[in-house]
2 protein chains.
Amino acid sequence: MDVRKIVLIVCDGMSDRAVKSLGGRTPLEYAETPNLDKLAEIGCTGVLDILNPGVPPGSDSAHLALFGYDPERYYPGRGAIEALGANIPVSEGSLACRFNLSTVAEKNISGGVSLIVKDRRAGRVSSEEAEKLIKSLQIELNNFNNVKVKVIPNVEHRGILVVEGDGLSGDITDSDPHEVESCVNRCEPLSNAHDFKAAEYTAEIINEIVKTSYRILKNHEINKLRVEKGLPAANIILPRGAGIVRRVEPFTKVWGLKAACIAKLALYRGVARYIGMDVYDVPEATGTVNTNVEAKFRKAVELLKEYDFVFVHIKGADSASHDKKPLEKVKMIERIDSAFKIIMENVVYEGDAVVAVTSDHSTSSELGIHIGDPPALAVYAPDIVSDNVKHFNERAVLNGGLGRVKAVDLMRILLNYACRSLEYGLKPSRESRIYRSTECSPLVI
Amino acid sequence: MDVRKIVLIVCDGMSDRAVKSLGGRTPLEYAETPNLDKLAEIGCTGVLDILNPGVPPGSDSAHLALFGYDPERYYPGRGAIEALGANIPVSEGSLACRFNLSTVAEKNISGGVSLIVKDRRAGRVSSEEAEKLIKSLQIELNNFNNVKVKVIPNVEHRGILVVEGDGLSGDITDSDPHEVESCVNRCEPLSNAHDFKAAEYTAEIINEIVKTSYRILKNHEINKLRVEKGLPAANIILPRGAGIVRRVEPFTKVWGLKAACIAKLALYRGVARYIGMDVYDVPEATGTVNTNVEAKFRKAVELLKEYDFVFVHIKGADSASHDKKPLEKVKMIERIDSAFKIIMENVVYEGDAVVAVTSDHSTSSELGIHIGDPPALAVYAPDIVSDNVKHFNERAVLNGGLGRVKAVDLMRILLNYACRSLEYGLKPSRESRIYRSTECSPLVI
C-alpha cells in the first residue's frame, strides 16, 4: 500500500451567510462553480468548526487549528505570528505585539490627561517617515531597565514591538481602542491571565512604552513638518495583539509530512513558519487576481512532486467580504473555481492524492466581519465513500457525509484518507505518527 | 453593524421518543405545530446534547448547560438551586439540601433499629403543621457544635436544610431512599468525592441531623394528633441533593448580555438567580394553561425592549410526560405552538432578533422519566443559512444543518448569529466578550 500526498486549499473567508442582495443565497451558492461542485460530488462534504462552535476565528488561530495545532494551547498571539511573517527574529519567551503609528490628541479628564485617537494609521504615514520616527523612539527605549525593548518598522504605519526579558505574559489588553474618538486604553492584565502577576508586570511595561512614545514623537521634527503640511502627526505607537513566542513541535514531526506553504501575505507565512513549513510565494505573472490563483495552483502541482503536504492559501474572497461587496466575492469565487480546474486535472483525476477545500472561517459580506458559522468542507480521496451532495456551498454541505467536525481533527482525517495514520495502540518502530516511517535507528551490536 | 437581541424558549421535556399509542410517532410529530414548523423552515435545525450524549439531565443541570455554564464545573447541587429559587439566602461555601418531612417506622435489624420509609411526603402534611414541626426541630439543631444548622420550611412537606461552617462537601449520598418500604440510608461520602475527608465529615453531620429530627419529631404534639386522626406522622426529615453554594461569574459578565428569565417554578428561577439573571413571573390572566403560555410570550416581547437576552421557560409538556399521558402532551405542545404565533409575529417577522427553541431534556411520555436523547433545536436569525428541514420534531431535525451540537456551546452559537462574538485572538481594549465594548479605561499621561 502506498501512502498518498495531501493538498489542502484554504479559500480565506469564502463561506458566508444568506445575503439579501443575492436573493437570500450565499455568494458560494450564487456563484457558478462547476469544478468545486465536481469535487463535492465525487468527494465527501461537511462543515468545519474552526474553533468552538460559534466562535469567530482570526485567520491566524484558524490556520493553526487547520494544521492540527489547538489554538487554546499553541496560539502565540497575533504579534508573534506577524513578527514571524515579516521575518523579524523573536527569541522564545519574548513578548511580541503589533503596533500602529497613530494620531492622538490630548483631553483633560478628572485625574489627568488622556489621549483620544484621531487616526489609527496616522494618515497612512510613509514607510520612510515611519522608519525615522521609530528609530528615534528606539534610542529612547534603550534606556529601559530589566527588559530589552525593540520597535521594528514594518510597512507604512505598521510595526512590531518586541520585549525581551524574564517573567513576561501575553495575557494583557490592547492599548489600541480599535476605534477613532475612543481613548488610548491603559494596558491591563486579563482577569483570566494564566499568571496574573506576570501580566500586571507586562502591562505596566507596555504603558510605559506607550507614554514614552508619545513624549518622544509628539515634538519630533517629522511630525512638525507633517502638521505644517496639514497631515496628521504620527505621535504615538498603539500596541495590540500581545503574545509570548513559544516553540512548537514542527509540522513535519507532528504529522510525519514534509510540508510546503504557498501564500503571499505575511500572516499566513508567519503561521507556516511558526510550525516549520517551507514557505513559497508565486510571483504574479500578469498581476491580475485570476492569474495569481492559477499560478498558485500550478505551483502546488509542482511542489507536490517534492512534498507530502502542500497548503495553498487564497485570499480574495475574504477581502471582498470585509469590503461588504457580495458580488465581488461571487466573482472571486468563480475565479478560484475556474483556476481550480488545474487541481482537478493534475491532481484529482490524474494522481492518487487527497484534496481538501475549505475556508479558515466564514466572513459575512453583509456585515463585513468574521463570523462563527462553520465553513463548508469538501474532501476527495480515490476511495472515499462519497455522500449525496453535488454542490459545494454552505447549504448543500449541511447534508454532507462528514457531518460537523472540528478543524483541529482535520489533519487526522486527511492523514487517514492518505493511508498515513498509525493504528491506535500500535507502537512505531521509531517514534513517528505516520503509518510507514522511513526513519531508522539501527541497533548496534 | 448592529448587534441583535436573543430569545431562548425552553419547552421543558418536549422532545420524546416514538410512542406506540401515537402510531410510533413522537408527541411533537403527532401534534399540529404550524408556527414551530415555520421557524424550522426559515431557520436551521439540529439536536442538542444537553450533557454528554445519552446522559439524562436534571432540569437544573440542563439549564446551566443551556446558559453556557458547564455543569461538571458549575453545578452546585439541586439543594442550592432550590434554596435560591425559594429566595432563601445561602452564603457561599454553605451546604444546602432539599428535604422532605416523611413518615418512617422502626424495624429491628441485626445491630440495632433501622427506619423504614412509609410515606415520603408524610401524607402531604400541611404547610402550617410543617412550619411548627420544623420550628421545634430548629431549636434542637441550634445546639450543634462547629456548624450552624438551619431548617427552612418551603411548601407542604418540602424544606431546605442549610449547614454553614468550614470544610463541608456536597459529595455525599442522599438519606432519602426515594422509595417507600426502603430504609432511611446512612448518608455517606461519594467514593469519587473531590475531598473525601470533608465529605466524610459532612455525611456525619447529616446523619446526626436526621437522627435528631426523628428523636424530636416522633413524639411531637402535632404528630400525636395526626396519628389520632389516622394520618401519617411527619416524624423525620430526609435530606437529598446536597450541594455547596459557590459564586459564579454572572451571565451578564460572561456573555455581555443583559438577561431576563420568565419562569414560574422555583427550580428555574433558582438557576436564573444563581447566574444573576433578572427573574420575572407572569400572573395568569385566566388560570388556563393556554393563557399562561401566551402571557409569557407577550411578556418576552415586552422585555425584549429592555433586555438583550430573554429566556422563557414553559413547563407543561414535561409534566404530561411524567404523568405518562402522551395525548395530553400533544395538546400542551399544540397550545405552545398556538401561543408561539406571538413570537413569530412580533419577533421573527418584525425584528432583527435571534430566536431559538429547544427543550432542556427529552422526557418519555411512555416511561414517565427524563431520557438522554438529544432534544430538537431550531435557531432563526435574519441571515442564517437555512437547511431543508420544514418541520420541528425529533425525526425531521435529524437531518438538520446544525447537526448534533452540545448545549454548553449553544450560547456561543446564538451570540454568533446575534453578531456579538469577539473574534478569537483579538484582545479586547477593555475586557468584554461582546463585539463592541463601549467601556473605556483611559491611559493617563
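Residues numbered from 1 in each chain as written. Chains lettered and ligands numbered in written order. Predicted model: local features only at pLDDT ≥ 70, side-chain atom pairs only at ≥ 80, totals over all residues.

Brief notes about the overall build of chain A
Step number 1: Within chain A, the regular secondary structure consists of 14 helices and 15 strands.
Step number 2: Relative to its length of 445 residues, chain A is compact, with a C-alpha radius of gyration of 24 Å against a globular reference of 22 Å.
Step number 3: Burial statistics for chain A: of 445 residues in total, 56% are counted as buried.
Step number 4: Excluding contacts between residues fewer than 6 apart, the proportion of contacts in chain A whose partners are at least 24 apart in sequence is 69%. (Helix = DSSP H or I, 4+ residues; strand = E, 2+ residues; numbered from the N terminus. Rg over C-alpha atoms; globule rule 2.2 N^0.38 Å. Buried ≥ 20, exposed ≤ 12 C-beta atoms within 10 Å, placed from the backbone. Contact = placed C-beta atoms within 7 Å.)

Things to note about the sheet that holds strand β2 (residues 44-49) of chain A
Residues and elements named next belong to chain A.
Step number 1: Read across the sheet, eight strands follow the order β9-β8-β10-β1-β11-β14-β2-β15 without closing on themselves; strand pairing throughout is mixed. Unpaired on one side and paired on the other, β9 (278-280) and β15 (403-406) mark the two borders of the sheet. Direction aside, the axes of adjacent strands within the sheet are offset by 25° on average.
Step number 2: Sheet topology note: the β2/strand β14 (residues 376-380) ladder contains four bridges and is antiparallel. The residue of β14 that forms the bridge with T45 is A378.
Step number 3: Of the strands in this sheet, β8 (259-262), β9 and β10 (309-314) touch helix α10 (residues 266-274), which is tilted by about 160° from β9.
Step number 4: Here helix α14 (residues 407-417) sits on the sheet and contacts β1 (6-11), β2, β11 (354-358), β14 and β15; the angle it forms with β15, its principal contact strand, is near 105°. (Pairing = 2+ DSSP bridges. Axes fitted to C-alpha atoms, helices over the stretch in contact; angles between N-to-C directions.)

Quick notes on the relation of the copies chain A and chain B
Step number 1: Note on the copies: chain A fits chain B at an RMSD of 0.3 Å, the axial shift is 0.3 Å, and the rotation between them is 120°. Both copies are brought into coincidence by an operation consistent with a three-fold rotation axis.
Step number 2: Here only 4% of the contact residues of chain A are again contact residues in chain B; the copies associate through non-equivalent surfaces. (Least-squares fit on C-alpha atoms with pLDDT ≥ 70 in both.)

As for the interface of chain A and chain B
Step number 1: With 57 residues of chain A at the interface, the matching set in chain B holds 31 residues.
Step number 2: For the side of chain A that touches chain B, the secondary structure elements donating two or more residues are α3 (59-66), β4 (112-119), α7 (196-217), β7 (236-244), β13 (370-371) and β15 of chain A.
Step number 3: Here the side of chain A that touches chain B is composed, by residue class, of 22 nonpolar, 21 polar and 14 charged. (Nonpolar A, V, L, I, M, F, W, Y, C, P; charged D, E, K, R; others polar.)

Observations regarding unusual backbone geometry
Step number 1: One non-glycine residue, K324 of chain A, adopts positive backbone phi at about 55°.
Step number 2: When you line up the elements, K324 of chain A lands in the loop between α12 (316-322) and α13 (326-348).
Step number 3: Even without glycine at this site, C419 of chain B takes up a positive phi of about 60°.
Step number 4: Mapped onto the elements of the fold, C419 of chain B is located in the segment after α14 (407-417).

A word on the domain arrangement of chain A
Step number 1: Under the domain assignment used here, chain A contains domain 1 (6-75 + 248-417) and domain 2 (83-244).
Step number 2: Taking only C-alpha atoms, the centre of domain 1 of chain A and the centre of domain 2 of chain A are 34 Å apart. (Domains from an automatic or database assignment.)

Details of the packing of helix α5 (residues 78-85) of chain A against α10 of chain A
Residue and element names in this part refer to chain A.
Step number 1: It is the contact of α5 with α10, at a shortest axis distance of 7 Å, that shows an interaxial angle of 95°. Relative to α10, the element α5 lies roughly perpendicular. Here α5 contributes I81, E82, L84 and G85 to the contact with α10, which in turn contributes A266, L267, R269, G270, V271, R273 and Y274. (Parallel < 35°, antiparallel > 145°, perpendicular 65-115°, else oblique.)

With respect to the sheet that holds strand β15 (residues 403-406) of chain B
Residues and elements named next belong to chain B.
Step number 1: Read across the open sheet, the eight strands follow the order β9-β8-β10-β1-β11-β14-β2-β15; overall the sheet is mixed. Edge positions in the sheet fall to β9 (278-280) and β15, since each has one partner strand and no second. Strand-to-strand twist in this sheet, taken as the mean axis angle between neighbours without regard to direction, amounts to 25°.
Step number 2: Sheet strands in contact with helix α2 (residues 34-42) are β2 (44-49), β11 (354-358) and β14 (376-380), and its direction is about 65° off that of β14.
Step number 3: On top of the sheet, α14 reaches β1 (6-11), β2, β11, β14 and β15; it is set at about 105° to β15, its chief contact.

Let's talk about the environment of T45 of chain B
Residue and element names in this part refer to chain B.
Step number 1: Tracing the chain through its elements places T45 in strand β2.
Step number 2: As for T45 and G400, which are separated by 355 residues in sequence, their C-alpha atoms are 4.5 Å apart.
Step number 3: Apart from residues lying up to four places away in sequence, T45 is in contact with A40, A376, L377, A378, D387, V389, V397, G400, G401 and L402.

Quick notes on the environment of K341 of chain B
Step number 1: You can see K341 of chain B is positioned in helix α13 (residues 326-348).
Step number 2: Among the residues examined, K341 of chain B registers 14 C-beta atoms within 10 Å and is labelled partly exposed.

A short note on the pairing of β10 of chain A
All names here are of chain A.
Step number 1: The buried fraction of β10 is high, at six of six residues.
Step number 2: Residues F309, F311 and H313 of β10 are buried on one face, and the alternating residues V310, V312 and I314, pointing to the opposite face, are buried as well.
Step number 3: Looking at chain direction, β1 and β10 are connected through six bridges and run parallel. By the bridge assignment for β10, V7 is matched with V310.
Step number 4: Note that β8 and β10 share four bridges and pair parallel. From the neighbouring strand, I262 faces β10, where its bridge partner is V312.

Focus on the environment of K305 of chain B
Residue and element names in this part refer to chain B.
Step number 1: Locating K305 in the fold gives a position in the loop between α11 (289-303) and β10 (309-314).
Step number 2: K305 sits in the exposed class, given 8 other C-beta atoms within 10 Å.
Step number 3: In this structure the C-alpha to C-alpha distance between K305 and K5, which are 300 residues apart in sequence, comes to 9.2 Å.

Overview of the nonpolar core
Step number 1: One finds V7 and V310 of chain B to be the most contacted residues of the largest nonpolar core, which totals 143 residues.
Step number 2: Counting the residues that make up this core, at least three belong to each of domain 1 (6-75 + 262-417) and domain 2 (83-244) of chain B.
Step number 3: Setting aside anything within four residues of it in sequence, one finds V310 of chain B in contact with V7, A260, I262, A300, L303 and L304 of chain B.
Step number 4: Residues V7, V149, V162 and A259 of chain A belong to the second largest nonpolar core, which totals 142 residues. (Core = buried A, V, L, I, M, F, W, Y, C linked by C-beta atoms within 7 Å.)

Some words on the confidence of the model for chain A
Step number 1: Within chain A, residue pLDDT values average 92, and 95% of them lie at 70 or more.
Step number 2: Quick note on the complex model: pTM equals 0.87, ipTM equals 0.86. (pLDDT = per-residue confidence, 0-100.)

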